[in-house]
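Residues per chain are reported as follows:
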Amino acid sequence: EVQLAESGGGLVQPGGSLRLSCVGSGFVFSSYSMMWVRQAPGKGLEWISYLSSSMSYISYADSVKGRFTISRDNAKNSLYLQMSSLRAEDTAVYYCAREGFYSALDSWGQGTLVTVSS
Amino acid sequence: QSALTQPPSASGSPGQSVAISCTGTSSDVGSYNYVSWYQQQHPGKAPKLIIYEVTKRPSGVPDRFSGSKSGNTASLTVSGLQAEDEGDYYCSSRAVGYTWVFGGGTRLTVL
């Protein structure tokens, strides 16, 4: 069974930093491109970053570009999101997701909550 | 990277059909057949893929769910509505440069 498990969320002050992790199991992690999607409280889904399986392609939403960095360690079946210069509007549940056939996000983690507040 | 446009709400009685639209641009929905739909039955619960590549259903998704696309607009149709279909539905499309865009979401209510 494919499973994704995020961790690393919590309360952080504006301007602070946080690193999220996502561990994959039940599939060959290194063969899949991965991404991060977030959902602010009471709001919709927002795609924020993508990293290809080969690590050749990286992309970010304009809202996080220059502040967030996506990375992966295939030996540890892990995806990361380094977040810096955090703002109140970054408060959200952050999901990692696997890119399946035809660019669909076919598996999602349970999410980790990041709260940016003083 | 503007969000795709979905109606905020939709509703129907059990057994009826309801369609949810998703309007993008020629840079996303109009250029790619990589439109997918997700169901989120409870806020904070992980979304579930129900349609990919515009019309295809993953294994285990009932055939009551169907998708289509014309130009810059995609649609999800839920036929034979059931109580368990209530929830939020999001469309998504691949866009230029290995980016993705989601719709704002539609709350489906079964009356």
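Scroll up to find the structure this text is about.
## Comments concerning the environment of Gly24(A)
Then comes step 1: Mapped onto the fold, Gly24(A) is located in strand 3 (residues 18-25).
Then comes step 2: Filtering out sequence-adjacent residues up to four positions away, Gly24(A) remains in contact with Gln3(A), Leu4(A), Phe29(A) and Asn77(A).

## Considering the packing of aromatic side chains
Then comes step 1: Tallying each qualifying case throughout the model produces 15 aromatic pairs over all chains.
Then comes step 2: Look at Phe27(A) and Phe29(A): their rings are 6.0 Å apart centre to centre, the planes differ by 45°, and that puts the pair in the tilted class. Side by side, Phe27(A) and Phe29(A) carry an identical accessibility label, which is buried.
Then comes step 3: Seen in terms of ring centroids, Trp108(A) and Tyr38(B) are 5.6 Å apart; in terms of plane orientation they differ by 70°. Their pairing is edge-to-face. Of this pair, Trp108(A) sits in strand 10 (residues 105-108) while Tyr38(B) sits in strand 3 (residues 35-40), on two different chains.
Then comes step 4: We classify Trp108(A) as buried; its relative accessible area is 11%.
Then comes step 5: Above the plane of the ring of Tyr80(A) lies Arg19(A), whose end atom (NZ or CZ) is 3.9 Å from the centre.
Then comes step 6: Positioned above the aromatic ring of Phe27(A) is the side chain of Arg98(A), whose terminal nitrogen or guanidinium carbon lies 4.9 Å from the ring centre.

The rules behind the values
- Residues numbered from 1 in each chain as written.
- Chains lettered and ligands numbered in written order.
- Predicted model: local features only at pLDDT ≥ 70, side-chain atom pairs only at ≥ 80, totals over all residues.
- Heavy atoms only, no water.
- Helix = DSSP H or I, 4+ residues; strand = E, 2+ residues; numbered from the N terminus.
- Contact = heavy atoms within 4.5 Å.
- Phe/Tyr/Trp six-rings, centres within 6.5 Å; stacked < 30°, edge-to-face > 60°.
- Buried < 20%, exposed > 50% of the residue type's maximum accessible area, 1.4 Å probe, protein only.
- Lys NZ or Arg CZ within 6 Å of the ring centre and 35° of its normal.

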